[in-house]
Amino acid sequence: MTLDLRYTEEQEALRDSVRAMLTDHAPWARVLQVAESPEPDDADLWRLLSVDTGLAALAVPEHLGGAGASLAETAVVLEELGRAVAPVPYLGTTVAAQLLLHLGEDELLRDLAGGAIIAPAVPCDVGPAGPGARLPDVEVSTAADGSPLLNGTVCGVADASRARVLLMPAGGALFAVDADAAGLRRTPVVSLDETRPLCDLAMWNAPARLLAAGERAASALDAALVAGAALLASEQLGLAQWCLDTTVAHLRTRYQFGRPVGSFQALKHRLADLWVELVQARAVARHAVAAVAAGDPDARLAAALAQAHCGPLAVRAAEECVQMHGGIGFTWEHPAHLYLKRAKSAAIAYGTAAHHRTTLATLADLAPA
């Protein structure tokens, strides 16, 4: 299948609009303020994204209150959110939307389009099914009236701190759990990345609603995780692009020994290498999202390739940004540390690069005997 990886005029206009909005409402000083506060994310920014502009439900069909757009438009928004390290639960809610679309859960999709935060209740490092895949160990029992009850713990769940509904895999099935239900407790976890907080979930006979079971549940969850890995690559792309742009701008204006620091050949080579990797990252990230959106049979391979490349690249770009800014890059007064923390945390989200390389080898029949 031939996929068009170019940005359309509409997507570029969307990018300009989102970037302008984030420039006004999510400057890095505001991001740092939110990160240092007891609040898990920026509620005002989330309201702007979800209720006022409808960007949180781009991929939800129009008849359910969404925009009816494709994942390609969602990826453009994620690039800009990554560029701003915006502290909002956009990625988790988008993955939840993909899961609900696969299940045909119209009621929950309407809630999501109305601004409700819905999050998959899986550890942040769980990727698509494959070598090393790991799901929560949650037990299912039955109440006197026959309704399901959940017992167990799920550690390190992202984008769930303010969620209204949690989509919980348990006992070979998928359940919807009211986040404020009796028997469910959310405990904040100290995270390296304050802009994407984690929490632990503990359940003691927490009431739940069955969404799907068996192969239908497994395939829907796996498809959503594949989409999550592909979409995360776009966020990592935006983060890496900011790091490169900011570092180049700094080296052009920072003087040492009577000349711009950027004129030194060693730094030029490092930035040139980073630029080449960034161009490659844009190609694999766009390809992964296009493949998932088109239902391409190679979507799983494309998502694994994107994460195997974009995760390490984002970390390297953030590290270069910190180092090439010199002393100021290591201080709290410069935003570089926000990008390094997000890059590091994103490098394990939806599966590590090693996990995805193993998946690639398996899909390409290159795994060792």
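Refer to the preceding data block for the structure.
Quick notes on the rules
Residues numbered from 1 in each chain as written. Predicted model: local features only at pLDDT ≥ 70, side-chain atom pairs only at ≥ 80, totals over all residues. Heavy atoms only, no water. 1 Å grid on protein atoms, 1.4 Å probe; cavity = no way out; pocket = protein on both sides within 12 Å on 5 of 7 lines; lining within 4 Å. Points joined across faces, edges and corners; volume = space filled by probe spheres on them. Nonpolar A, V, L, I, M, F, W, Y, C, P; charged D, E, K, R; others polar. Helix = DSSP H or I, 4+ residues; strand = E, 2+ residues; numbered from the N terminus. Buried < 20%, exposed > 50% of the residue type's maximum accessible area, 1.4 Å probe, protein only. Contact = heavy atoms within 4.5 Å. Axes fitted to C-alpha atoms, helices over the stretch in contact; angles between N-to-C directions. Parallel < 35°, antiparallel > 145°, perpendicular 65-115°, else oblique. Left-handed = near helix turned anticlockwise from the far one by under 90°. Pairing = 2+ DSSP bridges.

### Some words on empty space enclosed by the protein
And step 1. Throughout the structure, instances matching the rule amount to four cavities of 30 Å³ or more.
And step 2. In this structure, the largest cavity occupies an estimated 150 Å³ of space.
And step 3. Along its surface, the largest cavity is lined by L91, G92, P120, V122, P123, C124, V126, A158, D159, R196, A349 and Y350.
And step 4. Considered class by class, the residues forming the lining of the largest cavity number nine nonpolar, one polar and two charged.
And step 5. What lines the second largest cavity is simply P40, D41, P87, V88, P89, D159, A160, S161, R162, T195, R196 and P197.
And step 6. Taken together, the residues that form the lining of the second largest cavity break down as six nonpolar, two polar and four charged.

### Digging into unusual backbone geometry
And step 1. One non-glycine residue with positive phi stands out, namely N205, at about 50°.
And step 2. One can find N205 in strand β7 (residues 198-207).
And step 3. Take N205: its relative accessible area is 43%, and that puts it in the partly exposed class.
And step 4. Positive phi values are uncommon outside glycine, yet Y350 reaches one of about 55°.
And step 5. By the secondary structure assignment, Y350 is in the loop between α10 (336-346) and α11 (353-363).

### A word on α10
And step 1. Burial of α10 is extensive: nine of the 11 residues sit out of reach of the surface.
And step 2. Residues of α10 that are buried in the fold lie against α2 (28-36), α4 (71-83), α7 (214-253) and α9 (299-324).

### Comments concerning the packing of α7 against helix α8 (residues 265-294)
And step 1. In contact at an axis separation of 9 Å, α7 and α8 are set at 155° when each is read in the N-to-C sense. On the basis of their axis angle, the class for α7 and α8 is roughly antiparallel. Crossing of α7 over α8 shows left-handed handedness.
And step 2. Residue composition of the contact of α7 with α8, by class: 20 nonpolar, three polar and one charged.

### Section: the layout of surface pockets
And step 1. Of the voids in this model, the largest pocket is the one considered here, and its volume is about 310 Å³.
And step 2. For the largest pocket, the lining is made up of 17 residues, of which P38, E39, P40, P188 and P197 are closest to its centre.
And step 3. Contributing elements (two or more residues each) for the lining of the largest pocket: α2, β6 (184-189) and β7.
And step 4. Take the lining of the largest pocket: its biggest share by element is four residues, from β6.

### Some points on the pairing of strand β5 (residues 173-178)
And step 1. Of all six residues in β5, five are buried; the element is thus mostly enclosed.
And step 2. Pairing of strand β4 (residues 165-170) with β5, which is carried by six bridges, proceeds in the antiparallel orientation. Of the residues in β5, the one forming a bridge with P169 is L174.
And step 3. What sits between the antiparallel neighbours β4 and β5 is a turn of two residues, in which G171 has the positive phi angle 55°.
And step 4. Summarising the sheet, β5 and strand β8 (residues 209-213) pair through four bridges and their orientation is antiparallel. Across the sheet, residue A176 finds its bridge partner in β8, namely R209.

### Thoughts on the packing of α9 against α11
And step 1. At a minimum axis separation of 8 Å, α9 and α11 run at an interaxial angle of 145°. As α9 runs across α11, the sense of the crossing is left-handed. When α9 is examined against α11, the residues R300, L301, A304, L305, Q307, A308 and P312 are found in contact with a partner set consisting of A353, H356, R357, T359, L360 and L363.
And step 2. A class-by-class count of the residues in the contact of α9 with α11 yields eight nonpolar, three polar and two charged.

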